[in-house]
Each structure stands twice: as C-alpha cells, then as structure tokens.
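Fold and geometry: a report
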Amino acid sequence: MTPMRERVYRELVQSGGPVGAYDLVERLSSKSRRIAPVTIYRALDFLRDAGLVHRLATQNSYIVSHGEVDPGAVKIMFVCSRTGKSVEVHSKEVGDAIRKAAEDAGFKAISPFVEVEGEVIR
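In short, a report on the structure.

The rules behind the values
- Residues numbered from 1 in each chain as written.
- Predicted model: local features only at pLDDT ≥ 70, side-chain atom pairs only at ≥ 80, totals over all residues.
- Heavy atoms only, no water.
- Helix = DSSP H or I, 4+ residues; strand = E, 2+ residues; numbered from the N terminus.
- Buried < 20%, exposed > 50% of the residue type's maximum accessible area, 1.4 Å probe, protein only.
- Areas by Shrake-Rupley, 256 points an atom, 1.4 Å probe, with all protein chains shown as cover.
- Axes fitted to C-alpha atoms, helices over the stretch in contact; angles between N-to-C directions.
- Parallel < 35°, antiparallel > 145°, perpendicular 65-115°, else oblique.
- Left-handed = near helix turned anticlockwise from the far one by under 90°.
- Contact = heavy atoms within 4.5 Å.
- Core = buried A, V, L, I, M, F, W, Y, C linked by side-chain atoms within 4.5 Å.
- Salt bridge = Lys/Arg side-chain N within 4 Å of Asp/Glu carboxyl O.

**Some thoughts on the overall build of the chain**
- A tally of helices and strands in the chain yields 4 helices and 5 strands.
- Each principal axis of the C-alpha distribution contributes one length, and for the chain these read about 55 × 35 × 25 Å.
- A burial count over the chain gives 31% of its 122 residues as buried.
- When the accessible area of the chain is evaluated, it comes to approximately 8000 Å², of which 52% is carbon and sulfur surface.

**Some thoughts on the packing of helix 2 (residues 21-28) against helix 3 (residues 37-49)**
- Between helix 2 and helix 3, whose axes approach to 9 Å, the crossing angle comes to 115°. With respect to helix 3, the axis of helix 2 lies roughly perpendicular. Pair helix 2 / helix 3 crosses with right-handed handedness. For the pair formed by helix 2 and helix 3, the contact residues are Ala21, Tyr22, Leu24, Val25 and Leu28 on the first element and Pro37, Ile40, Tyr41 and Leu44 on the second.

**Some words on the nonpolar core**
- Ranked by internal contacts, the top residues of the largest apolar core, which has 16 residues, are Val8, Leu12, Leu24, Ile40 and Leu44.
- Counting residues per element, the ones that place at least two in this core are helix 1 (3-15), helix 2, helix 3 and strand 2 (61-64).

**As for the pattern of salt bridges**
- Scanning the entire structure with this criterion turns up 7 salt bridges.
- With a closest N to O distance of 2.9 Å, Asp96 and Arg99 form a salt bridge. Residue Asp96 and its partner Arg99 are located together in helix 4 (residues 92-104), separated by 3 residues, close to a single helical turn.
- Measuring nitrogen to oxygen at the nearest pair gives 2.8 Å for the salt bridge that ties Lys100 to Asp104. A residue pair is termed a helical-turn pair when its members lie 3 or 4 positions apart in one helix, as Lys100 and Asp104 do in helix 4 at 4 residues.
- By relative accessible area, Lys100 is classed as partly exposed at 48%.
- Judged by its relative accessible area of 55%, Asp104 is exposed.

On their own, these measurements won't tell you what the molecule is for.
Right, here's the structure in full:
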C-alpha cells in the first residue's frame with residue numbers, strides 16, 4: 001500500500017459515507033500542492049480491486065467496504081437518493097439468484113456487487 005493509497009483509504013474511512021473523487025482531491029491537496037485527479041482515481045482503482053472500497057454508480061462516489069462476505073453471499077448496497085445515506089447488507093439468496101441468472105446467460109459472475117437506489121423509509 002503506497003502512502004497515497006493509504007491517505008485515500010483513511011479519508012474514506014474517516015468520512016463515514018460516500019465521497020466523490022474530486023472531493024478527495026480537495027480534501028487531500030494542500031495550498032502549495034494540488035493532487036492530480038488521476039492520482040486519486042488510480043488509488044481508488046487499486047482499493048476497489050483489493051475489495052477495500054466500492055464505487056457507487058448512483059452517486060459517482062466511493063465508500064469503504066464492510067468486510068468479507070460469507071462464501072456464496074453477495075454485497076448489496078442500498079443508497080438513499082434523497083439523503084445519500086447507504087447501508088451494506090450481505091445475502092446468500094441474492095448471490096444464488098445472481099449465479100443462476102449468470103449461468104442461464106452463459107456468464108460467470110466473478111465478484112457480484114449490487115447497488116440499489118431508493119429512499120430510507122424509517
């Protein structure tokens with residue numbers, strides 16, 4: 001883990017919620033040195049490939065992953081379109097359904113991740 005990757009990861013952990021790449025550029029840059037967006041994106045790609053963060057397409061942002069799922073389970077991220085709040089859950093049933101659908105389509109899902117946009121009701 002390079003120092004930049006560690007800084008990006010720590011900032012995401014401290015944020016407690018989704019953060020955009022350009023927000024990370026602003027947070028991690030100093031008055032004397034602005035970090036290039038490509039540097040942040042490279043760090044985020046590494047962290048995502050390592051399973052440490054998720055990219056939320058609905059918000060074009062990144063969030064810390066909440067650990068390994070049980071074998072056969074899939075991570076589901078519920079994202080509130082109104083507040084931006086997100087909740088991660090793990091489900092074997094959804095994992096089984098994705099594997100079955102992938103098999104029926106002649107596809108093998110390697111690391112399924114499901115993002116559901118909606119609204120918090122409680």
